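Here is how the chains run, residue by residue.
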Amino acid sequence: MYDNATALLLVDLQVDFMPTGMLPVAEGDAVVPLANALMPRYRTVVATQDWHPANHLSFAANHPWRKPGQVIDLEGLPQVLWPIHCVQDTWGAEFVDGLDTSGITEVFQKGTDPTIDSYSGFYDNGHRKSTGLADWLRERGIEEVHVMGLATDYCVKFTVLDALKEGFRVVLIEDATRGVELTPGDVVAAVREMRTAGARIARYDELG
Ligand code: VGL
Ligand code: ZN
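Residues numbered from 1 in each chain as written. Chains lettered and ligands numbered in written order. Predicted model: local features only at pLDDT ≥ 70, side-chain atom pairs only at ≥ 80, totals over all residues. Heavy atoms only, no water.

Participant: Just checking my understanding: could you explain the site of ligand 1 for this structure?
Facilitator: The local shell around ligand 1 consists of Asp12, Phe17, Leu23, Asp50, Trp82, His85, Tyr119, Leu150, Ala151, Tyr154 and Cys155. For ligand 1, an oxygen atom lies 2.7 Å from a polar atom in the side chain of Asp12. Between ligand 1 and His85, the relevant distance is 3.1 Å, taken from a nitrogen atom to a side-chain nitrogen or oxygen of the residue. Judged by its atoms lying within 2 Å of the grid points, ligand 1 is housed in the largest cavity. Broken down by class, the residue content of the shell around ligand 1 amounts to 8 nonpolar, 1 polar and 2 charged. (Near = heavy atom within 4 Å. Polar contact = N/O pair within 3.5 Å; in protein donor to acceptor, adjacent residues only side chain to side chain. 1 Å grid on protein atoms, 1.4 Å probe; cavity = no way out; pocket = protein on both sides within 12 Å on 5 of 7 lines; lining within 4 Å. Sits in = over half its atoms within 2 Å of the grid points. Nonpolar A, V, L, I, M, F, W, Y, C, P; charged D, E, K, R; others polar.)

As structure tokens, this is what we get:
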């Protein structure tokens, strides 16, 4: 059991990010047993949930003639276009079946504004609106967060970078994450970026 100042952050362990989902992450299912094994060690477990309205502008389908993988300008920000995924109240947005959700203390949803994407669990991509997660953690005396989940090169990365900016110590549980890897090398680059920003990179079995 960790001390009360340490929280576990489970990023986007949702049906659509599983290998058979709408935005498949290779081996995304492999991290679910690690989440289940880790949860009992923490007093505070936060799960983020990508939670888009059907008209979300990160969906290629909502832009005529665009396809997934293309990058557009969305209200002044570069936006990768994705397949339709994690639509609110659909099966794809649910936590994966195998996840023991009874171990989750609180869920933070993101990506609800159709005009801006939100990879981080803390802020949207323009840092315009907060989800309230940082204050919620601080109110509970959390000083350190251990982060795992999907996807390493998007939501995990931006959650880790924002956690560091908010002043938390951050441990990335590297082998409990998997990436989208739109371009080969994206995952390695993302881990390097998190390390450079101040995250400790650890393996599941090093956590103790
Ligand atoms: C994610 C792309 C779009 C993620 C969410 O969870 O990493 N990636 N929406
Ligand atoms: Zn999304």
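So, next bit.
Participant: I would appreciate a short explanation of the coordination of the zinc ion (ligand 2) in the present structure.
Facilitator: Six octahedral donors around a metal ideally sit at 90 or 180 degrees from one another, while four tetrahedral donors ideally sit at 109.5 degrees. Looking at the zinc ion (ligand 2), the protein donor atoms are Asp50 (OD), His52 (NE2) and His85 (NE2), and they sit 2.0 to 2.1 Å from it. Each of the 4 donor atoms around the zinc ion (ligand 2) contributes to a set of angles spanning 89 to 170°, which defines the coordination as irregular. Mapping the donors of the zinc ion (ligand 2) onto the primary sequence gives the spacing D-x1-H-x32-H. Of this pair, His52 sits in the loop between strand E2 (44-50) and strand E3 (71-74) while His85 sits in the loop between strand E4 (77-80) and strand E5 (106-110), and the two are 33 residues apart along the sequence. Take His52: its relative accessible area is 0%, and that puts it in the buried class. (Donors = N, O, S within 2.8 Å, 3.2 Å for Na, K, Ca; no water. Tetrahedral: all angles 85-135°; square planar, octahedral: opposite > 155°, others 65-115°. Helix = DSSP H or I, 4+ residues; strand = E, 2+ residues; numbered from the N terminus. Buried < 20%, exposed > 50% of the residue type's maximum accessible area, 1.4 Å probe, protein only.)

Participant: What am I meant to see in empty space enclosed by the protein here?
Facilitator: Once rolled over the atoms, a probe with the size of a water molecule shows which space is left empty. Summed over all chains, the structure comprises 2 cavities of 30 Å³ or more. Volume-wise, the largest cavity comes out at about 110 Å³. Lining the largest cavity are 14 residues, with Phe17, Leu23, Tyr119, Tyr154 and Cys155 positioned closest to its centre. Split by residue class, the lining of the largest cavity holds 9 nonpolar, 2 polar and 3 charged. In this structure, the second largest cavity occupies an estimated 40 Å³ of space. Looking at the second largest cavity, the residues that line it are Leu74, Leu77, Pro78, Gln79, Thr115, Ile116, Asp117 and Asn125. With 3 residues, the top contributor of residues to the lining of the second largest cavity is E4. Classifying every residue of the lining of the second largest cavity by side-chain character gives 4 nonpolar, 3 polar and 1 charged. (Points joined across faces, edges and corners; volume = space filled by probe spheres on them.)

Participant: Just to check I follow, could you spell out the packing of aromatic side chains for this structure?
Facilitator: The relative placement of two aromatic rings is captured by the distance of their centres and the angle of their planes. Following the criterion strictly, the structure yields 6 aromatic pairs and no others. Here the aromatic rings of Phe108 and Trp136 are separated by 5.6 Å at their centres, their planes lie at 75°, and the arrangement is edge-to-face. With Phe108 in strand E5 and Trp136 in helix H2 (residues 133-139), the pair connects residues that are 28 residues apart, well separated along the chain. Residue class for Trp136 comes out buried when judged on its relative accessible area of 11%. For the ring pair Tyr119 and Tyr154, a centre distance of 5.3 Å and an interplane angle of 65° mean the geometry is edge-to-face. Remark: Tyr154 occurs in helix H3 (residues 152-165) and Tyr119 occurs in the loop between E5 and H2; sequence separation between them is 35 residues. Within the aromatic cluster, the residues linked to one another by ring pairs are Trp82, Tyr119, Tyr154 and Phe158. (Phe/Tyr/Trp six-rings, centres within 6.5 Å; stacked < 30°, edge-to-face > 60°.)

Participant: Just checking my understanding: could you explain the pairing of E4 for this structure?
Facilitator: If a strand is regular, its side chains alternate between the two faces of the sheet. Across 4 bridges, E3 lies against E4 in antiparallel orientation. Its bridge partner being in E4, Ile72 is matched across the sheet by Gln79. (Pairing = 2+ DSSP bridges.)

Participant: It is not clear to me how the environment of Met148 should be interpreted in this structure. Could you clarify?
Facilitator: Along the chain, the position of Met148 falls in strand E6 (residues 144-150). Those residues in contact with Met148, other than ones at most four positions away along the chain, are Leu8, Leu9, Leu10, Val11, Leu13, Val31, Leu34, Ala35, Leu38, Ile173, Ala176 and Thr177. (Contact = heavy atoms within 4.5 Å.)

Participant: Sorry if this is basic, but what is going on with the nonpolar core here?
Facilitator: As a rule of thumb, nonpolar side chains are buried together in soluble globular proteins. Ranked by size, the top nonpolar core spans 64 residues in total, and within it Leu10, Leu137, Val145 and Met148 carry the most contacts. By residue number, the principal contributor to this core is H3, which donates 7 residues. (Core = buried A, V, L, I, M, F, W, Y, C linked by side-chain atoms within 4.5 Å.)

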